[in-house]
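Structure at a glance
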Amino acid sequence: MDLIRGAYTENIVTELKLGTEKPPMPFSDARLLSYLQHTYWFLPSVAACRAMAKLLKKRSNRFYDEYKVIVAAGNSAGMGAQAVEPVYNAMEDPQRTKTITLSCGKLSTGVTVKPWTGIMMLRNTTSPETYFQAAFRVQSPWTTKDESGDEVILKPLCYVFDFAPNRALRQVEEYSCQLNVKETNPEKKVEEFIKFLPILAYDGSSMKEIDAAGVHDMAMSGTTATLLARRWESAVLVNVDNATLQRLMNNPEAMKALMNIEGFRSLNSDIETIINKSEHVKNTKKEKGDDLTPKEKKRLTEEEKEYKSKRKEIQEKLIKFATRIPVFMYLTDYREYCLKDVIEQLEPELFRKVTGLTLKDFSLLVSLGVFNSELMNDAVYKFKRYEDSSLEYTGIDKHTGTVIGLWDTAVDTARTGAFEKGY
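Here, residues in each chain are numbered from 1, in the same order as that chain's written sequence. Local features in this predicted model are restricted to residues whose pLDDT is 70 or higher, and side-chain atom pairs enter the listing and the counts only when it is 80 or higher, whereas totals over whole chains, interfaces and linings include all residues. Where side-chain values are given, they derive from all heavy atoms of the structure, hydrogens and water being excluded.

**What to know about the nonpolar core**
Within soluble globular proteins, side chains that are nonpolar generally end up buried alongside one another. Rule in force here: Here, the term nonpolar core denotes a set of buried Ala, Val, Leu, Ile, Met, Phe, Trp, Tyr and Cys residues that are joined through side-chain atoms within 4.5 Å. Throughout this description, buried means an accessible area under 20% of the type-specific maximum (1.4 Å probe, protein chains only), exposed means over 50%, and partly exposed covers the range between. Any two residues whose heavy atoms approach within 4.5 Å at even a single point are treated as in contact.
Counting residues in hydrophobic clusters, the biggest one holds 43 residues, and the most contacted among them are Leu-248, Leu-258, Leu-318, Phe-321, Phe-362 and Phe-371. Setting aside residues no more than four positions away along its own chain, Leu-258 makes contact with Leu-248, Phe-264, Leu-267, Leu-318, Phe-321, Leu-357 and Leu-365. Listed in part, the 31 residues of the second largest apolar core include Ala-72, Met-91, Val-138 and Ala-168.

Structure below.
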């Protein structure tokens, strides 16, 4: 609370040394204060929202007395659109008042409160979607008309404040990597993204804008080889939604390749069960809604459990293939070659023995969307980046080049572009 209004005692000496160059804080810098009349604070729980409301009213926090504090959390705050009304009522004339809205999830999706210009991220979340859904609440345009009828922009900028750099930058990194499927260089993806969302990092004394390489480095700090290895056990590496399973079932060659492997013998009937029962449950719920009888509800619940269980089973079996890929990173010292080429040229038979699939079959499954090559590229990139840092630290630098081979492509870390497949 003291930090964001520029009154954090541990920083006083540093700020005196900096003079006029001291870093801008949300509730102390005049440039920010004029924009941050209405802010949204994203907290972890209803109890946390109520505790924060009490903290803001303490005598030691008199600075916040001129802000109306709205607790948009718990049943008393209303549901959906009803929860927005108290916020607008408290704002009255938004250009003349100041408010702080405290919430742990309400109003973070599907609503628009135009006067919000800043969001305080005060909770942990591992989902980039949840993070940015909440962050996007403050980017809704806010305009008005002047006396001559011309449009006046009241909100030219908006801000996201996060107090856990690793968490924030990891979200930026993961979210940007999912946005552009055509680009293969993870650093280039982040670079494109931060053109629209510049990132300023405060290190305790100064605030500086960081580039794409800085985002990667800061997001990676504190990680371990174990955590990187676990990326290959992630459910996001494989897709088992109905559309992907339907594409798989419509491709006899892919089905034959998988059904030759122990554990996938009943794949055809399993996929049919998943698609048919999930569609049946969805359509029945849509048609009947609340008019379902207890007997129908029970039957639908059983069907739901069955198809979800089979879907998870298929997902876990497919993940086993992905977990066997990293071993092929160590087949050669030539790290500029992509893994797919290394396997093809050096050990195609070993790949078949390790995974049970030929490289051609595996590539077919990737093309059908069963395996996510974008995330596989990202996982290889992060592992090699981490490995290089570890080797350099011990005085070993086996890889002096700037080209890094990923799963099915290679990127040049010295350039912004990426090499084509099969480099």
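**Considering the pairing of strand 3 (residues 99-103)**
The condition is simple: Per the convention used, a helix needs a DSSP run of H or I reaching at least four residues, while a strand needs a run of E reaching at least two, with both numbered from the N terminus. Two strands pair if DSSP finds at least two bridges between them.
Most of strand 3 is tucked away: five of the five residues are buried. Both faces of strand 3 are covered, namely the face carrying Thr-99, Thr-101 and Ser-103 and the face carrying Ile-100 and Leu-102. Bridge count for strand 1 (residues 38-42) against strand 3 is five bridges, and the pairing is parallel. Bridging from a neighbouring strand, Thr-39 pairs with Ile-100 of strand 3. Pairing analysis gives four bridges linking strand 2 (residues 68-71) to strand 3, with the strands arranged parallel. Among the inter-strand pairings, Lys-68 is bridged to a residue of strand 3, identified as Thr-99.

**Regarding the layout of surface pockets**
Selection rule: A cavity here means a set of points on a 1 Å grid, drawn over the protein atoms and nothing else, where a 1.4 Å probe fits but cannot get out; a pocket is an open set with protein on both sides within 12 Å along at least five of seven lines, and a residue lines either one if it has an atom within 4 Å of a point. Grid points are joined across faces, edges and corners, and a volume is the space filled by probe spheres set on the points.
Considered as a void within the structure, the largest pocket measures approximately 1400 Å³ in volume. Elements with a minimum of two residues in the lining of the largest pocket: helix 2 (30-33), helix 5 (128-135), strand 7 (159-162), helix 6 (165-179), helix 7 (186-196) and strand 8 (200-202).

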